[in-house]
Amino acid sequence: MQLGLSVSDSDVSSFTPLVVLELADDTKAEAITWLLNRIRDKQKNGGAELLVDQLLFPAQDGQKSNPNVFVVGSTLQRLLKGAEDVGLFKEFQDGIMRGFTYANRESFKDFYGDGEGFLSDAECQYIIKHELDTLRAKNEEHVPGYPKVKLYPGKSVVRRLQSKGVLVQYFPLHNKEDLKRLSFSWYKKIKLSFQPLDDIRHYFGEGLALYFGFLEYFTFALVPMALIGIPYYLFDWEDYDKYVLFAVFNLVWSTVFLEVWKRCSATFAYGWGTLSRKKAFEEPRAGFHGALGFNPITGREEPVYPSSKRQLRIYLVSVPFVLLCLYLSFYVMMVYFDMENWAISVYNENPNFGTGILLFVPSIIYAVVIEIMNLLYRYAAEFLTNWENHRLESSFQNHLVLKVLVSLATLLITSQILNQVMEAFLPYWLQRRRNKKVHKRMRRVMGDKELPLLEQVQLETEMNTYLGTFDDYLEQFLLFGYVSLFSCVYPLAAVLVVLNNITEVYSDAFKMCHVFKRPFSEPAANIGVWQLAFETMSIIAVVTNCALIGLSSQVKAYFPESETQMILIVVAIEHVLLAFKFILAFVIPDVPKDIQVKLAKLEFDSLEALKKRKILEAVET
């Protein structure tokens, strides 16, 4: 980060613009003045103590541009103090990750001089976001100029303005030079190597870096399954023992895969300073509503909504709706099977080119219908989760994940190639068209005068907003379902997933760098609720694979007269495999030994420091 760059060509201010803040173009002047004063005001007066300046865009094609676009930055000292406020962990001189404190800043590794370059761009932008999000109303009863937009002491100003449409958006700016270097090392050179996860973390933050780390780990972990699946597919192995061996290997692989990932995740999180970091107190969601009450934890007034009402909405409305949708998905699947059987019978009666084409029609229709149903279901799931009125964003996301995962049976057949086109290249093509139009308008209005910042902000305000890693993890979850559930039936599943993930790395990297606005950093120590989702899928895989083994003709041949005995033996094998799976999960530690030692040392040092402080307080009194 280089402080001292100018915000605009007129050099009105001299600070590095890190965050763009856009208000509605018809925002009242008194509201703008009040908000900017609160952002600039000292912390002791309840302000954010940040730097902010207005960007004035020229009129384009006779249309007046939005005059209420601002850039926000900060002094280096303010950012370093903010790093302590948000609880950043940095490497100490002794090699242990410790909570950063401004008073001991010179004792941290890589802190030189005044601290220039000590914080990454992503960390600086995260600190600014935290300061804006925690900007709270004091004694104002409403937003100036908006009598109906009520405020009360302790209410988040930014969240209130967002919920009422006064604040259109705020997002971190891309750093063009850093982005160019990251793009070159990440995806512009096609090579067989690891991703630059540390660089991704410095630019986008820990949450995204952890997703790409998981994507890379998952892809490499699939290689053994793929290597076994290829000969299994090429050679017609009818031997029962080899069939069972492949199924057992599948089950062991899914367990070891998840347990080893926990260790990798802990290693990443420790090195990035998020493993020991205390999670900041989570603020209520912008959409959370309820009667004004008192929060016993924070001591502030905020909306309160009875948990009993939320539970009634979940169990009396959301759960029945999800079950109904699941029933409809299976019904559509049965209709598809009937259509496919009909097409096969027509082809068998009269095999020709036309009836051969007819064989593909049921699958095409089914894929289109399922895609439409999934889009409608996703919209309904988000609507219901909003309607349930969850107080915290994490609770909202967890309930949304659970709703979406129950449609797994239908999502498993969705085309991954179509997904990649829709999520990366189509938005990029549309964004390029918009960028060219903006570029031409700016050049036509300003001639040859260079306006790099104005043009960059204009382009980025019109880019799509990245909505988080939900859909990315969901896609990997579905692919894990392909492999763990159906690889015995289709041994090439792991091979296809490996090929898909290789292209996924490049397409996801491409869309993060060129399709979406730069997202704010999201500190993360693990993949959250998705770890539980993957582990649940691995348990389901045990049941499914045992059932597939029991249905095989080779197994039935061993029990020609007693089907009940066969079922009992298969169930017994299933229980043994489940027990083995849980034992294996227990035996493999979630955190590597060396990191456990460092965490223990950190806790010991903290206790010793607390003892010394109490002794000093006792002596002083």
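Each remark here, short or long, concerns the structure printed above.
Residues numbered from 1 in each chain as written. Predicted model: local features only at pLDDT ≥ 70, side-chain atom pairs only at ≥ 80, totals over all residues. Heavy atoms only, no water.

## A look at the overall build of the protein chain
- Counting its regular elements, the protein chain contains 21 helices and 10 strands.
- When the 621 residues of the protein chain are sorted by exposure, 46% land in the buried category.
- Sequence separation of 24 or more characterises 72% of the internal contacts of the protein chain that already satisfy a separation of 6 or more.
- A total of about 32100 Å² of accessible surface is found on the protein chain, and carbon and sulfur atoms cover 63% of it. (Helix = DSSP H or I, 4+ residues; strand = E, 2+ residues; numbered from the N terminus. Buried < 20%, exposed > 50% of the residue type's maximum accessible area, 1.4 Å probe, protein only. Contact = heavy atoms within 4.5 Å. Areas by Shrake-Rupley, 256 points an atom, 1.4 Å probe, with all protein chains shown as cover.)

## A look at the packing of helix H6 (residues 197–204) against helix H7 (residues 206–234)
- Between H6 and H7, the least distance of the axes is 7 Å, while the angle of their chain directions is 150°. The orientation of H6 relative to H7 falls into the category roughly antiparallel. The handedness of the crossing between H6 and H7 comes out as right-handed. Along its contact with H6, which presents Leu-197, Ile-200, Arg-201 and Phe-204, the element H7 presents Glu-206, Leu-208, Ala-209, Phe-212, Gly-213 and Glu-216.
- Looking at the contact of H6 with H7, its residues break down into six nonpolar, one polar and three charged. (Axes fitted to C-alpha atoms, helices over the stretch in contact; angles between N-to-C directions. Parallel < 35°, antiparallel > 145°, perpendicular 65-115°, else oblique. Left-handed = near helix turned anticlockwise from the far one by under 90°. Nonpolar A, V, L, I, M, F, W, Y, C, P; charged D, E, K, R; others polar.)

## Re the nonpolar core
- Ranked by internal contacts, the top residues of the largest apolar core, which has 76 residues, are Trp-186, Phe-212, Trp-253, Phe-257 and Trp-530.
- With 14 residues, H7 is the single largest residue contributor to this core.
- Of all hydrophobic cores here, the second largest spans 45 residues; its members include Leu-88, Phe-108, Phe-111 and Leu-151. (Core = buried A, V, L, I, M, F, W, Y, C linked by side-chain atoms within 4.5 Å.)

## Focus: unusual backbone geometry
- Positive phi outside glycine occurs at Asp-110, with the angle close to 70°.
- With respect to the secondary-structure elements, Asp-110 resides in the loop between strand E5 (97–99) and helix H3 (121–133).

## Focus on the pattern of salt bridges
- Counted by the stated rule, this structure contains 17 salt bridges.
- Between Lys-109 and Glu-91 there is a salt bridge, and its shortest N-O distance comes to 3.8 Å. Placement of Lys-109 in the loop between E5 and H3 and of Glu-91 in strand E4 (residues 89–91) is noted, with a sequence separation of 18 residues between them.
- On the basis of relative accessibility, which here comes to 38%, the residue Lys-109 falls in the partly exposed class.
- Look at the salt bridges and you will find they share partners, linking Lys-90, Glu-123, Arg-201 and Glu-206 into a network. (Salt bridge = Lys/Arg side-chain N within 4 Å of Asp/Glu carboxyl O.)

## A few points about the sheet that holds strand E2 (residues 51–55)
- Reading across from one edge, E2-E3-E1-E8 is the order of the four strands in this open sheet, with antiparallel pairing throughout. Whereas interior strands pair on both sides, the edge strands pair on one side only; in this sheet they are E2 and strand E8 (167–172). Across the sheet, the mean angle separating the axes of adjacent strands is 20° when strand polarity is ignored.
- For strand E1 (residues 19–23) and E8, the ladder comprises five bridges, and the chain directions are antiparallel. Following the sheet pairing, Glu-22 is matched in E8 by Gln-169. (Pairing = 2+ DSSP bridges.)

## Considering the pairing of strand E7 (residues 146–150)
- Pairing geometry for strand E6 (residues 142–143) and E7, over two bridges, is antiparallel. Looking at the pairing, Val-143 lines up with Tyr-146 of E7.
- If you look at the hairpin formed by E6 and E7, you'll find two residues sitting between the two strands, and Gly-145 has a positive phi there, around 90°.

## Quick word on helix H17 (residues 493–514)
- Between the first and last C-alpha of H17 there are 31 Å, a value that for 22 residues agrees with the 32 Å anticipated at 1.5 Å per step.
- Summarising burial for H17: 16 of the 22 residues are buried, a large majority. (Expected span 1.5 Å × (residues − 1).)

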